[in-house]
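Each chain, letter by letter, is given below.
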Amino acid sequence: MCSPTSSPRHPSLLLSPFLSLLLKSLSRSGSRTKMWSYWAAVAPPLHAFRRKRGKSRALRLLFLFLALSAIYADEGAYIGVNIGTALSNMPSPTMVAALLKSQQIRNVRLYDADLAMLAALANTGIRVTVSVPNEQLLAVGQSNATAANWVARNVVAHVPAVNITAIAVGSEVLTALPNAAPLLVPALRYIHSALVAANLDGVIKVSTPHSSSLILDSFPPSQAFFNRTLEPVFVPMLKFLQSTGSYLMLNVYPYYDYLQSNGIIPLDYALFRPLPPNKEAVDANTLLHYTNVFDAVVDAAYFAMAYLNVTNLPVVVMESGWPHKGDPTTEPDATTDNANTYNSNLIRHVINSTGTPKHPGVSVPTYIYELYDEDLRPGVTSEKFWGLFDANGVPAYTLHLTGSGMLLANDTSSQTFCVAKEGADEKLLQAGIDWACGPGKVDCSPLTQGKPCYDPDTVEAHASYAFNEYYHGMGMAAGTCHFSGVAAITTTDPSHDSCLFSGSGGRNGTVLNGTSLTTSPNSTSSTSSDAHSFYQSKVVLQILEALLSGLAEAYDKNERPLASASVEFTCCSPTSNYLRRGRLEEGGHS
């Protein structure tokens, strides 16, 4: 369907209807900024393709590939995973890649740019953030040529086979290596300049991860500000991130905030557990209600940037997690249950695009610390046990991720029950029953005399029934089997005689009328709308990709005219002073 002025010999001219359809589809999602960012990524390569007919075919097709990569790169809300390597028995890169694919992990952050790891990640489609280690920052920050060589060796040599989407320059430099602070912004600029020279700046962002300890007076969030002694570095850094369309990388560790608060921060508040309204933290200046530490820290970063007149810079959390084991005496809250609760709730919070109280519905992409337990990490016991898996790829614990699709597919929550702990305090058990059968909206009529679950007539037995009904009614979400610590998850079916517990024999629990643990009242509709818009865009992109594939084939055949095209496609608080969740101490490493 060429216009009279279009020549079949220049098939790039035929793409405009599809680009128009793409932009219209994106505009329906309600994000004009996102729409124009896509156009900015796509238009220059297409323009170059049309005009530079004398240039290399391979170079023109690379431009087109990168245009597609730019489009696919913006996933909105997503969960990534950090890959540390301080293991005595580190799996091979191919084993790491296999684990990532089996768990549907589509975003990873490397603490370097290991050649073997990048080779294993080639052609997987996994989005990769590579890093300039702190020990290389001095050289990169002092020499544009050194930065260019680093990019050529660790980035250009691997794209497009490896889907590199970001470069993290250093790790918590301003707190871990304050003497190197003057070199941070030059390093960012030199790395970005090298990307510009390689025509990769549109698809690969440059930033640097910061510890949340840079944020002072972090609660209430509206009063937060960055350490003012660092403003000579921080202000130009934020301006750089703005001008290049990048984002603020922030490490957020509610575990350490909880530990350092000396009891001020409740454990439930750190773990995303549901809180009654009177327990929520309220910012007196904005009247915003905070139900978890994570949101409060992210909003503190937003407010701190606004204090410096930066109001439109996104936040990506590069590290967050919870240890699943620690010294029982000194680290009693580093437990499997708490790690499961935090990470499961965090994942659901992010992928639902819940946002924060300051920016509801605005996604905060987050990378979990970390993929593997690192047994070579120095320090206290918990330092070695932040992983989702051990070195053999065995899950450290079972994540309960109902509603998260296939991400981290080690979930066996459909086989679990919530029961009263044996020997638990009867007063707490009774209080749990009263809450579950009252505000928890559990139907407790089977516990009345003459009904199937009345016997045995003990507080513990009745509590198990009530707790389990609430747990299953809430979709077995992490944090819903707690009840002040007197409940526990088990894989043993507690049903007996004619008393059938929810989850037994395939029976589903009663759906409660209460609000879901991790989905805000507005998030369901917005998520649905975003998914629909993404689906429409994906279809258009598949058409575009098929056309470009045909275009490449045509040029490989001596650039013969394309008279027609046939396309087939299938639809489809206190802040932490920790470096890479380690301590900021002499000899620490990232």
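See the structure shown above.
A quick note: this is a predicted structure, and the numbers were derived from the prediction, not measured.

## Remarks on the state of the cysteines
Then, in step 1: For the structure shown, the criterion picks out three disulfides.
Then, in step 2: Linked covalently through their sulfurs, C418 and C481 form a disulfide whose S-S length is 2.1 Å. With the S-S bond torsion at 90°, the cross-link from C418 to C481 turns out right-handed. With C418 in strand β14 (residues 417-420) and C481 in the loop between α16 (459-473) and β15 (487-490), the pair connects residues that are 63 residues apart, well separated along the chain.
Then, in step 3: Overall, the relative accessible area of 0% leaves C418 in the buried class.
Then, in step 4: The residue that forms a disulfide with C437 is C444, at a sulfur-sulfur distance of 1.9 Å. Note on the C437 and C444 pair: the S-S dihedral is about -85°, so by sign convention the disulfide is left-handed.
Then, in step 5: Taking the relative accessible area as the measure of exposure, C437 reaches 30% and is therefore partly exposed.

## Focus: the environment of G473
Then, in step 1: Its place among the elements puts G473 in helix α16.
Then, in step 2: With a relative accessible area of 15%, G473 lands in the buried category.
Then, in step 3: For the pair formed by G473 and G440, sequence separation is 33 residues and the distance between their alpha carbons is 9.5 Å.

## Side note on the pattern of salt bridges
Oppositely charged side chains are able to pair whenever their charged atoms sit close together.
Then, in step 1: Tallying each qualifying case throughout the model produces four salt bridges.
Then, in step 2: Across the pair R109 and E319 runs a salt bridge, and its minimum N-O distance is 3.3 Å. One end of the pair, R109, is in strand β2 (residues 107-110); the other, E319, is in strand β12 (residues 315-320), and 210 residues separate them in sequence.
Then, in step 3: R109 sits in the buried class, given a relative accessible area of 0%.
Then, in step 4: The class for E319 is buried, based on a relative accessible area of 0%.
Then, in step 5: When the shortest N-O distance is used, the salt bridge between R273 and D268 registers 2.9 Å.
Then, in step 6: Take R273: its relative accessible area is 3%, and that puts it in the buried class.
Then, in step 7: A relative accessible area of 24% places D268 in the partly exposed class.
Then, in step 8: Linked by salt bridges that have partners in common, D268, R273 and D337 make up one network.

Reading the values: rules and limits
Residues numbered from 1 in each chain as written. Predicted model: local features only at pLDDT ≥ 70, side-chain atom pairs only at ≥ 80, totals over all residues. Heavy atoms only, no water. Disulfide = S-S within 2.5 Å. Helix = DSSP H or I, 4+ residues; strand = E, 2+ residues; numbered from the N terminus. Buried < 20%, exposed > 50% of the residue type's maximum accessible area, 1.4 Å probe, protein only. Salt bridge = Lys/Arg side-chain N within 4 Å of Asp/Glu carboxyl O.

So, to be careful, I would describe these as geometric facts and stop short of saying anything about function.
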